[in-house]
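# Close look at the chain arrangement
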Number of protein chains: 2
Amino acid sequence: MASARQVNIAIIGAGGVGKCFLGQLEKLAQRKPSPKLVLTYISTSKKALYNENHAAISFDNVTSTLASSSQAPLAPSKLVNYLASASSKTVLVDNTSSQDVADAYPLFLSNGISIVTPNKKAFSGSYKLWQDIFNAAEQSGAKVYHESSVGAGLPVISTLKDLVETGDEVTKIEGVFSGTMSFLFNSFAPTSGSGGQWSAEVKKAKELGYTEPDPRDDLNGLDVARKLTILARLAGLEVESPTSFPVQSLIPKELESVSTGDEFLEKLPAFDSQMEEVKNAAEKEGKVVRFVGSIDVATKQVKVGLEKFDLSHPIAALKGSDNIISFYTKRYGSNPLIIQGAGAGGEVTAMGVTGDLIKVVSQIA
Amino acid sequence: MASARQVNIAIIGAGGVGKCFLGQLEKLAQRKPSPKLVLTYISTSKKALYNENHAAISFDNVTSTLASSSQAPLAPSKLVNYLASASSKTVLVDNTSSQDVADAYPLFLSNGISIVTPNKKAFSGSYKLWQDIFNAAEQSGAKVYHESSVGAGLPVISTLKDLVETGDEVTKIEGVFSGTMSFLFNSFAPTSGSGGQWSAEVKKAKELGYTEPDPRDDLNGLDVARKLTILARLAGLEVESPTSFPVQSLIPKELESVSTGDEFLEKLPAFDSQMEEVKNAAEKEGKVVRFVGSIDVATKQVKVGLEKFDLSHPIAALKGSDNIISFYTKRYGSNPLIIQGAGAGGEVTAMGVTGDLIKVVSQIA
């Protein structure tokens, strides 16, 4: 029997976002005693903490307790059984970027376990997985929220869903969807001043922690393609996968197969002239170059790559590592609805997850 | 006994926003058959439609049926009794800007009737009414949502609530909160070109339908002050009323008491030199003047009036009658979270109401 005033929380992942989320969850549970939020499971890829009777796990020193735990994480099918046998409803918080966990979402959802997550993999993998996830949720009544899968805590997914559900017609979505790409191009081709050498900016971005350990994982455009896939599907397009539309990679062909990120960075300066040409071509038109994604809903065209923008365009004027997302719709007319701000970082990503959790709890408690 | 899969909808107001909302509601009810959305009451200030047995009112020609109805609207206390006696839960949609309806919100909420509304009056009147509303909702479990009370359908209220509820610290909120003021200053003091005469721009704005029938109702700043009051309260400040902080009026003292809006417009050109001075003073600093509102949460300072902005500032670069709202928070750091787009208009305002309705229904059905 489900108790109405308690919701159990199970967490997979305790890395950067996971740690920030734990901090936010602890404060939320203190501030809002009703419904009672009870942590009943937490795991990393190697360790786990849980009790067979679903007793509350204390937030005090939970990450160090977890690190020294002798329990191994439960495989998805076992985790489903453990969570579904509790007397209260459960929300699974997936703070990993794991495809394996994502593949198990339909199983969790069909067993009545709601999901909130910043994990892009579930929503940008095969279209079949997308359908399986939302069909399972529809049938069981469990909820699945993933605000932080695009633009971290920025209200991107919720705004698009509101537009679609209230009957607006989204015609085009355009923007800068990667904090890394934003930082790189805002420094490499600023609206005033000359900017740095391409390879030097990539190196700097890596040193500042703005890139993946191997910067090619940002420069290949796949991260942006995954986000576009999610938004296009929410706008009603049956996009098969993030590789089913044109995605421009900024990795020179010759460096695709070098073995390490460090070797890549070492050899990148030899290709600076290519990027310099792109920058100069834009400058000749009085423009700057930016790495953007766009979805034309009517023609069903999704694409990711370099584009030129007037200096007065909001995309050109972006600062730091900010994201910007413009929604062009029938109701909003020629001036789009724009969302702008930090689209990466532990606390703002966790904020999207915590916000989703609050919304799910308000519906299931 | 409440039926879980039907929600009754009662609507007060069938003007500009009301008509747009009716269209959106009809399509929503068709598209999402579960829970069933049933219209059980609709009224203007003079007429009403309802059946004692809460039978569904057809959406077909509902506004003309309403106009020729012989039923008078129910007073709030009678409406509460009528709605609360239904076997399904009810959402009251207040599409008026009536203080009388707003004053009755605590009564509706304490009787379990949820409210969605673009009506600013309830949330920007006395602080006591604000407290009564949210206390009544807290105690009965009924919901109250008012996204369109600030920035129409732009996700302003929901974003601020997410920031606060997830534990972020909002330090400052700043922006252009009036479509009328945005249009006036974007035309009067554009970032390029010289702009028009002040009185001519006001006249043009009125002719385009961007102002209230008497433009002084926009120029007195009270509309912006009401929106600031709402946001400041959501950010945790106990703002007593929209007249309890500095609000700059753009109505020349000498024209405050002229009897009609037309007379005001006729006499306004004599005061153009005053506004011209303001514009020139900004230009000398390489800036433009804009009518903005700001909330400094730490110092508890709320103010509304003219400010100067660099040409590259997002507030200066605004177009048409767009609103822009910047949230500065601890998590977002030096670059704020920005929301921008049309902040007025029937369809986008109704969109905020419909979006709220969907959220409320998902929690009570």
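Residues numbered from 1 in each chain as written. Chains lettered and ligands numbered in written order. Predicted model: local features only at pLDDT ≥ 70, side-chain atom pairs only at ≥ 80, totals over all residues. Heavy atoms only, no water.

Attention now goes to the overall build of chain A. When you go through chain A residue by residue, the secondary structure sums to 15 helices and eleven strands. Against the 2.2 N^0.38 benchmark of 21 Å for 365 residues, chain A shows a C-alpha radius of gyration of 22 Å, consistent with a compact globule. Principal-axis analysis of the C-alpha atoms places the extent of chain A at approximately 70 × 50 × 35 Å. Buried residues in chain A amount to 55% of all 365 residues. Accessible surface, chain A as shown: approximately 14,900 Å² in total, 49% of it carbon and sulfur. Charged side chains in chain A number 36 positive and 39 negative. The centres of these two groups are separated by 5 Å. (Helix = DSSP H or I, 4+ residues; strand = E, 2+ residues; numbered from the N terminus. Rg over C-alpha atoms; globule rule 2.2 N^0.38 Å. Buried < 20%, exposed > 50% of the residue type's maximum accessible area, 1.4 Å probe, protein only. Areas by Shrake-Rupley, 256 points an atom, 1.4 Å probe, with all protein chains shown as cover. Lys, Arg positive; Asp, Glu negative; His and termini not counted. Charge placed at Lys NZ, Arg CZ, Asp CG, Glu CD.)

Residues and elements named next belong to chain A. Contact geometry for helix α8 (residues 157-165) and helix α12 (residues 222-234): axes closest at 10 Å, N-to-C directions at 20°. If you check the angle between α8 and α12, you find them roughly parallel. When the axes of α8 and α12 are compared, the crossing they make is right-handed. Between α8, through I157, L160, K161 and V164, and α12, the contact on the second element is made entirely by I230, L231 and L234. (Axes fitted to C-alpha atoms, helices over the stretch in contact; angles between N-to-C directions. Parallel < 35°, antiparallel > 145°, perpendicular 65-115°, else oblique. Left-handed = near helix turned anticlockwise from the far one by under 90°. Contact = heavy atoms within 4.5 Å.)

With that out of the way, let us pick up the pairing of strand β4 (residues 89-94) of chain B. All names here are of chain B. Among the six residues in β4, five count as buried, and that is most of the element. The sheet contact formed by strand β1 (residues 6-12) and β4 spans six bridges and is parallel. Across the sheet, residue I12 finds its bridge partner in β4, namely D94. (Pairing = 2+ DSSP bridges.)

A few words on the packing of aromatic side chains. Residues and elements named next belong to chain A. Inspection of the entire model under this criterion finds 22 aromatic pairs over all chains. Between Y41 and Y82, the aromatic rings sit 6.2 Å apart at their centres with planes inclined by 50°, giving tilted as the arrangement. Here Y82 lies in helix α3 (residues 76-84) and Y41 lies in strand β2 (residues 36-43), a separation of 41 residues in the sequence. The exposure classification of Y41 matches that of Y82, with both residues buried. (Phe/Tyr/Trp six-rings, centres within 6.5 Å; stacked < 30°, edge-to-face > 60°.)

The next thing to look at is the side chain of A:D214. All names here are of chain A. In this structure, D214 sits in the loop between α10 (198-207) and α11 (216-219). A relative accessible area of 17% places D214 in the buried class. A polar atom in the side chain of D214 sits 2.7 Å from the side chain of R216. What D214 contacts, discounting residues up to four positions off in sequence, is T260 and G261. (Polar contact = N/O pair within 3.5 Å; in protein donor to acceptor, adjacent residues only side chain to side chain.)

Before going further, it helps to examine the environment of B:D272. All names here are of chain B. If you trace the backbone, D272 turns up in helix α14 (residues 272-284). Separated by 73 residues in sequence, D272 and S199 place their C-alpha atoms 6.3 Å apart. Residues within four places of D272 in sequence aside, it is in contact with Q197, W198 and S199. Polar side-chain contacts of D272 include one of 2.7 Å to the side chain of S199.

Applying the stated rule across the entire model yields 32 salt bridges over all chains. B:K359 is the salt-bridge partner of A:D162, the closest N and O atoms lying 2.8 Å from each other. With A:D162 in helix α8 and B:K359 in helix α15 (residues 346-364), this pair bridges two chains. With a relative accessible area of 19%, A:D162 lands in the buried category. (Salt bridge = Lys/Arg side-chain N within 4 Å of Asp/Glu carboxyl O.)

Placing chain A over chain B gives an RMSD of 0.0 Å and needs a rotation angle of 180°, together with 0.0 Å of translation along the axis. The operation mapping one copy onto its partner corresponds to a two-fold rotation axis. Counting the interface residues of chain A, we find that 100% of their copies in chain B are interface residues as well, pointing to one common contact surface. (Least-squares fit on C-alpha atoms with pLDDT ≥ 70 in both.)

The next point concerns the nonpolar core. Membership of the largest hydrophobic core comes to 170 residues, with the highest contact counts inside it found for A:I173, A:F185, A:W198, B:I173, B:F185 and B:W198. Contacts of A:F185, omitting those with residues within four sequence positions, involve A:P190, A:W198, A:L250, A:M275, A:V289, A:R290, A:F291 and A:L306. One finds B:L22, B:I57, B:Y145 and B:V360 within the second-largest nonpolar core, a separate group that totals 29 residues. (Core = buried A, V, L, I, M, F, W, Y, C linked by side-chain atoms within 4.5 Å.)

So, about the interface of chain A and chain B. Counting residues at the interface gives 36 residues for chain A, matched by 36 residues for chain B. Regarding the contact of chain A and chain B, the summed buried area is about 2,900 Å², with carbon and sulfur atoms giving 54% of it. Between A:E347 and B:R331 there is a salt bridge, and its shortest N-O distance comes to 3.7 Å. At the junction of chain A and chain B, the tally comes to ten residue pairs in polar contact (both at pLDDT 80 or more). At the level of secondary structure, the elements contributing two or more residues to the side of chain A that touches chain B comprise α1 (16-31), α8, β11 (337-342) and α15 (346-364) of chain A. When residues in the side of chain A that touches chain B are grouped by element, the largest group, nine residues, is from α15(A). In the side of chain A that touches chain B, the residues fall into 14 nonpolar, 13 polar and nine charged. Here β11(A) runs beside strand β11 (residues 337-342) of chain B; their pairing, made up of three bridges, is antiparallel. In the strand pairing of β11(B), A:I339 is matched with B:I339. (Buried area = accessible area lost by both parts, 1.4 Å probe. Nonpolar A, V, L, I, M, F, W, Y, C, P; charged D, E, K, R; others polar.)

On to the pairing of β1(B), then. In the case of a regular strand, side chains alternate between the two sheet surfaces. All names here are of chain B. Taking burial as the measure, the seven residues of β1 include six buried ones, the bulk of the element. Here β1 runs beside strand β2 (residues 36-43); their pairing, made up of seven bridges, is parallel. Within the sheet, the bridge partner assigned to I9 lies in β2 and is L39.

Within this structure's numbering, the places UniProt gives as "domain: Homoserine dehydrogenase catalytic" (unreviewed entry) are residues 155-358 of chain A. Measuring from the first to the last C-alpha atom of residues 155-358 of chain A gives 14 Å, for a span that is 39% helix and 20% strand. (UniProt positions renumbered as here; feature names shortened; annotations may be inferred.)

A separate point is helix α3 (residues 76-84) of chain B. All names here are of chain B. Listing the buried residues of α3 in full gives L79, V80, Y82 and L83. Axial view of α3: buried residues confined to an arc of 165°, hence all on one face. In this structure, α3 carries K78 and N81 as exposed residues pointing more than 90 degrees from its buried face. On its buried face, α3 is in contact with β1, β2, β3 (48-50), β4 and α5 (105-110). (Arc of directions from axis to C-beta.)

All names here are of chain A. Strand order across the open sheet formed by six strands is β3-β2-β1-β4-β5-β6, with mixed pairing between neighbours. Edge positions in the open sheet fall to β3 (48-50) and β6 (144-145), since each of these has one partner strand only. In the packing of α3 onto the sheet, the strands contacted are β1 (6-12), β2, β3 and β4 (89-94), and the crossing angle to β2 comes to about 160°.

Before going further, it helps to examine the confidence of the model for chain A. Confidence in the prediction for chain A averages 96 pLDDT; 99% of positions are at 70 or higher. Taken over the whole predicted complex, pTM reads 0.96, whereas the ipTM for its chain interfaces reads 0.96. (pLDDT = per-residue confidence, 0-100.)

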